[in-house]
Amino acid sequence: MRITQSMMANNVLNNLSNDLQSMQTAENQLSTGLAVTKPSDNPLATSQIMSLNTSISMQGMYYSNMQSASSFLSTTDSALTDTVSSLQQVQSLVTEGANGTENSTDLQTLGGQVNQIISELVQTGNAINGSQYVFGGTQTTTPPLATTTDADGNITAVTYQGNSGQINYEVAQGVQMPVNTNGADLFQVTGNTSMGNTNMFNTLITIKNDMENDDTTDLSSMLSQIDDITTNVESQQAAVGAKEDRLNTAMTRNQNDNTTMTTALSNLQDVDIDQASVEFSEKSNVYQAALETAAKVMTPTLVDYLTT
Amino acid sequence: MSDLGLSIAVSALIAQQDSLNVTSQNIANANTTGYSREQAEEVTNPSIPVPGLNSSGSPGQFGTGVDVQAVTRTRDQFLDTQYRQQNLLLGESQQQSDALSQVETIFGATSSTTGLNSDLDSFWQAWNTLSQEPENLPERTTVVETATTLTDDLQGTQSQLTTLQSNLNSDIGLDVSHINDDLQQVANLNVTIQSATVAGLSPNDLLDQRDNLLDDLSTYVNVKTVINSDNTATLSIGGATVVEGSSVAQLAAIPDSSGNNQVGIDLGNGNSDIMQWSTLGGALYGLQQARDVGVQGYVNGLNQLASTVAGAVNSLHETGYGLDGTTGIPFFVNGSDASNPEDPNNITAANIAVNPNIVNNPQQIAASSGVTQSTTTTQGVASGTAQVETLAIESGVSENEALKVVVTAAGMTNSPKTLSVAVSSGDSAATVAGKIQTALSGDSDVSTFFNVTNNGSDVVLTANTPAANDSTMNVSVDGLVAPGDGSNALSIFNLNSQNLNFPTGSGTGTISDTASNFYGSMISDLGVASSQAGNDVTNQNTLVTSLNNSRQSVSGVSLDEEMTNMVQEQSAYEAAAKLVNVIASMMQTVINMVGG
C-alpha cells in the first residue's frame, strides 16, 4: 500500500484521539467513583441499580415506619402499664373496703382515692403519641374518653368517642401491622357480653359511689370484675409486647437486607479503584508511547535529507 | 542532425519543466482536502524516418523528443463509491447516536437522589407516611409537594424531549438547504467541466471539487451519481433526477399537519413529491428516525407512565374521603385543560398536574377509605306544592361516628343547616333513621319549617307550608371521616408494588408491570439503544476511515515521491541543458572548421 504523509498524520490524530477518549473514560470512572454514570455505560446494570435504589429507599422508609410503630407501641405499652397499676391500686382499695372493718369516714377516703384513680385512668386513656390519641381507633384527633362530671367536678360517666378503626403501618413490602390498641376493647366501655358487664369506668364509678355511700354489700363481688378487667388489660398489653418483639426482629432483618442490598448496589455501581487505577496508568502509558512515536514518525521526509 | 538534436533537447527541457510544475502543484496541495495527485504523462514524440547511405530510403527512425501529453489525476472511482456508501450509513448512525445520548442526558443519571425514579419513590413514600398520620397537615402537604415534584419533572422531561424533537426537525430543514446548496454547486461545476472537456482539456481541479461535493452530499442523503461521456454528473435521489447538466431540482422541507418536516422534491411541475425517508438515507434518515422513532418512543413511554400512574392513583383517590369529607375528586388532573381542569382523561406527561383544589386545600386528599353512610337526595319543588323529602337510610353503622346531616330548603331559616348526629357501633338502619329524626326534630329551624317523621328506614321531611316559589331542596347525610383513617392512602402507596397495565407502544395490548419497573426498563432500553448506536458510529467510522485511507493511498500526495520526482526531473533537465551545451559546442567546432 502506498502511504502518504497526510495518511500518517490522520492516523496519528485518530489514534491519539482514541487513546485520549479511553483515558477520559478511565479518568471519569476514577473521579466519580462510579462505573455506571449513564444508562449506555451498562444497560443491564442500570435497571438493576435503579431497582436497588428504589428497594433501598423503600427499605429505609419501612425502617422509619417501624421506628414510628415502635414509638406508638411503647406509648401504648406504658399507658397500659399505668392502667394495670391503677387497677391494682383499686383492687387493694376495694379489698380494704370490703373487709368490713372500715368506718364510713374511712370508706369516704377510699372512695376519694378511687375517684382520683378514675381521673388518672381517663388521662391515661387519652394518651397521645405525637399528635394522635392512641386509644381512639381512627378518631385520632378527639380524646377517646369523654367525661361527664357533677357539680363537684367528680366524674359521673365516661363515654368512648373513638371508633373501632385500625391504624395499620406497613412494615415490610405487603406486611401491615395494626399498631393501635382499641379503646373500646380495652376499657370495655360498650360492655363485652362474654366477660359480663365489666365496663371499666362504670365498675369503678359504682365502686366509688358504693364507698362514698357507705354501701359495702357489692364491694366483694366487684373484686372479681376488677380481676376480669385487669386480665383484659394485661392480655392487651401482652399483645402489644408481642408486636414490639416482632418489630425488633423485623428491624434487624431490615438492616441486614439493607446491608446486602447496599453491597449489591456498590458492586454494580461503584468502580473497582485498584483495577481502574491500573487501567488508567496502562492507558496513559499507551498514550505517552503514541505521542513519542508520533513525534518521531511525523518529522522526517526526504526533504530533510536532500541537499541543494 | 544537430538541428534535430537541439529540438529534442528543447522538448526535453519543456517537458521536464512541465513535469516539475505538476510536482510543484502536487506538493502545494499535499494537504488540500479532496485533492487528487496529478501525473504529467510524458510521451515520446513520433519518430521521423531519415534516409541514409545504408538505408536506401527505408526509414531509419529518429526520435523527436518528448512531450507532456496530458496531466491526469489519480483517482479510483470504485473506492469513491464505496466510501460514499459507508459515509451515508455513518451520517445516519451519527444522528441517531447524538440524539440518543442527548435523551440519556435528559433522563439524568442513574443516581438515587435525582431523576424520575427517585421522584416516584418519594411520591409513594409520602402516601405511606400520610397513611400513618392522616390527620396531620404536614404529611398532607408532603404528599402534595412530592406529587408536584413528580409532575414538574414529568413535564420538564417531556418538554426537553419535545424540544429535542423540534431541534431535530429544524436540523432536517437545515440539512435540506445544505443539500440544495451542494446540488446547485454540482450543477454549476457541470457547466464548466463540460466546456473544458469539449475543448479537450482535463479539468482536474474542477473534478476534484465536484468529488468533494459528492463526498459531502453522501453524509446527508443517498445520491446516485452517473458520470456522462462529457464528464457531467447526473445525480438522482430515490429515482428522481435532481441534477442533470446545469438544471437542478430543489429539495424542500415541507411540514406536515403536526409540523413535522417531510422532504419533497420539486420536479418542475410545481408540486413537491414527498420522498420515502428510507430512500433518502444518510443524516436526513437518521434525523427522521431519531425524531419519529427514537425520541418519540421515550415521549410515548413517559405519557404511558404519566397516564397509567395518574389513572391508578385517581381511581383509588376518587373512592376515598378527605379530612373534610370531600370525595370523588381526582388527585391528578389534566393541567392544560383550563376549561375543564378536573377532566382526568387524556392525562399525558406534558399536562399532568396535581388537582389545584388539593394543592389549595390538602385536607381534600382522600387518605380515608370512607364513611358508613352517604346519602343525598335532591328534589325540585314546584311553586304551591308541599315540599316532601324522603331520605333513605340504607344500612346500619359499624363504628361510632358522627354523621353530618345537611338540610337545604328555600324558605327555611338558616338554610343550609348542618347538624351532627352521633351514631354508635351496631346501630341498625332503623336506629340511625330514628337518631336522625330526633336530631332534626330537636333543631328549632328545621322543626319550624318541616314536620319530621320516620317510617323505619326512611326519614321523611314534610314542609309545613307550601313552597312560595319554584325551589329545590336537598337533604344529605354523610358519615364524618375518621381523621386517623389512612387506609386509602395506604392502598395508594401499595400501588407502588402492584402491576399496573401500561399501554404498549403499538397501542394494542398492555404491559403489566410496576411503575418503577416500567420506567426502569424504559431507561434500560435507552441504554441499550444508545450504546448500540454509539457502537454503530464507532464501527462505521472505522470503516469510513479505512476506506478514506485506501483513497488517500491512491490519490494522496506523498512528499517522498514528489521529492524523488523532483530530483529526477531536475537531473533530466540538467542533462538536457548539458546536451544543448554540447550541441552548441559541436556547432562551434563546425563553424571554426569552415572559418579556419
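Here the structure is a predicted model, which is why all the values come from computation and not from measurement.

Peer 1: Honestly, the overall build of chain A in this entry has me stumped. Any pointers?
Peer 2: Counting secondary structure elements, chain A contains 7 helices and 6 strands. When the helices and strands of chain A are placed in sequence order, the string is α-α-α-β-β-β-β-β-β-α-α-α-α. Radius of gyration (C-alpha) of chain A: 39 Å, far over the 19 Å computed for a compact globule of 308 residues. A principal-axis box enclosing the C-alpha atoms of chain A has dimensions of 140 × 35 × 30 Å. The burial tally for chain A puts 33% of its 308 residues in the buried class. Pairs at least 24 apart in sequence give 70% of the contacts found in chain A among residues at least 6 apart.

Peer 1: I would appreciate a short explanation of the confidence of the model for chain B in the present structure.
Peer 2: Reading fine detail from the predicted coordinates is not recommended where pLDDT is low. For chain B, the mean per-residue pLDDT works out to 84, and 86% of the residues sit at or above 70. Both confidence scores are given for the complex: pTM 0.79, ipTM 0.84.

Peer 1: Please explain the packing of helix α2 (residues 43–98) of chain A against helix α3 (residues 104–125) of chain A as it appears in this structure.
Peer 2: When two helices pack together, you describe them by how their axes are tilted relative to each other and by the distance separating the axes. All names here are of chain A. Contact geometry for α2 and α3: axes closest at 10 Å, N-to-C directions at 165 degrees. As the angle between them shows, α2 and α3 are arranged roughly antiparallel. As α2 packs across α3, the resulting crossing turns out to be left-handed. Contact with α2, carried on its side by A79, D82, T83, S86, Q89, V90, L93, E96 and G97, involves L107, L110, Q113, V114, I117, E120, L121 and T124 of α3 and no other residues of that element.

Peer 1: Honestly, unusual backbone geometry in this entry has me stumped. Any pointers?
Peer 2: Negative phi characterises most residues that are not glycine, and trans characterises most peptide bonds. All names here are of chain A. One non-glycine residue, D214, lies in positive phi territory at about 60 degrees. In this structure, D214 sits in the loop between α5 (200–212) and α6 (219–269). A residue is classified by how many C-beta atoms lie within 10 Å of it, and D214, with 15 of them, is partly exposed.

Peer 1: Would you explain α2(A) in this entry?
Peer 2: In an α-helix, one full turn covers 3.6 residues, which means residues spaced three or four apart are oriented alike. Relative to the 82 Å expected for 56 residues at 1.5 Å per residue, α2(A) spans 80 Å between its end C-alpha atoms, a close match to the ideal helical length. The positive-phi residue at the C-terminal boundary of α2(A) is A:G100, with phi of around 80 degrees.

Peer 1: Please clarify how the environment of B:N167 should be interpreted in this entry.
Peer 2: Residues and elements named next belong to chain B. Here N167 shows up in helix α4 (residues 137–198). Judged by the 15 C-beta atoms lying within 10 Å of it, N167 falls in the partly exposed class. Measuring from C-alpha to C-alpha, the distance between N167 and A99 comes to 10.0 Å, with 68 residues separating the pair along the chain.

Peer 1: What is the right way to read the interface of chain A and chain B from this model?
Peer 2: Reports of interface size often rely on the accessible area that becomes lost once the parts have come together. At the interface, 51 residues of chain A touch 49 residues of chain B. Those elements that provide at least two residues to the side of chain A that touches chain B are α1 (5–32), α2 and β5 (168–172) of chain A. Per element, the largest residue contribution to the side of chain A that touches chain B is 14 residues, and it comes from α2(A). Residues belonging to the side of chain A that touches chain B are distributed by class as follows: 17 nonpolar, 31 polar and 3 charged.

Peer 1: What am I meant to see in the sheet that holds strand β10 (residues 261–266) of chain B here?
Peer 2: Hydrogen bonds between backbone groups are what pair the strands of a sheet, and the pairing can be parallel or antiparallel. All names here are of chain B. Taking strand neighbours across the sheet as the criterion, the 3 strands line up as β9-β10-β11 in an open arrangement whose pairing is antiparallel. For this open sheet the edge positions go to β9 (251–255) and β11 (272–274), each flanked by a neighbour on one side alone. Strand-to-strand, the axes of this sheet are offset by a mean angle of 40 degrees, without reference to chain direction. Pairing of β10 with β11 involves 3 bridges; the strand directions are antiparallel. Its bridge partner lying in β11, D266 is registered against S272. The sheet contacts of α4 involve β9 and β10, and relative to β9 the element is tilted by about 160 degrees.

Calculation notes
- Residues numbered from 1 in each chain as written.
- Chains lettered and ligands numbered in written order.
- Predicted model: local features only at pLDDT ≥ 70, side-chain atom pairs only at ≥ 80, totals over all residues.
- Helix = DSSP H or I, 4+ residues; strand = E, 2+ residues; numbered from the N terminus.
- Rg over C-alpha atoms; globule rule 2.2 N^0.38 Å.
- Buried ≥ 20, exposed ≤ 12 C-beta atoms within 10 Å, placed from the backbone.
- Contact = placed C-beta atoms within 7 Å.
- pLDDT = per-residue confidence, 0-100.
- Axes fitted to C-alpha atoms, helices over the stretch in contact; angles between N-to-C directions.
- Parallel < 35°, antiparallel > 145°, perpendicular 65-115°, else oblique.
- Left-handed = near helix turned anticlockwise from the far one by under 90°.
- Expected span 1.5 Å × (residues − 1).
- Nonpolar A, V, L, I, M, F, W, Y, C, P; charged D, E, K, R; others polar.
- Pairing = 2+ DSSP bridges.

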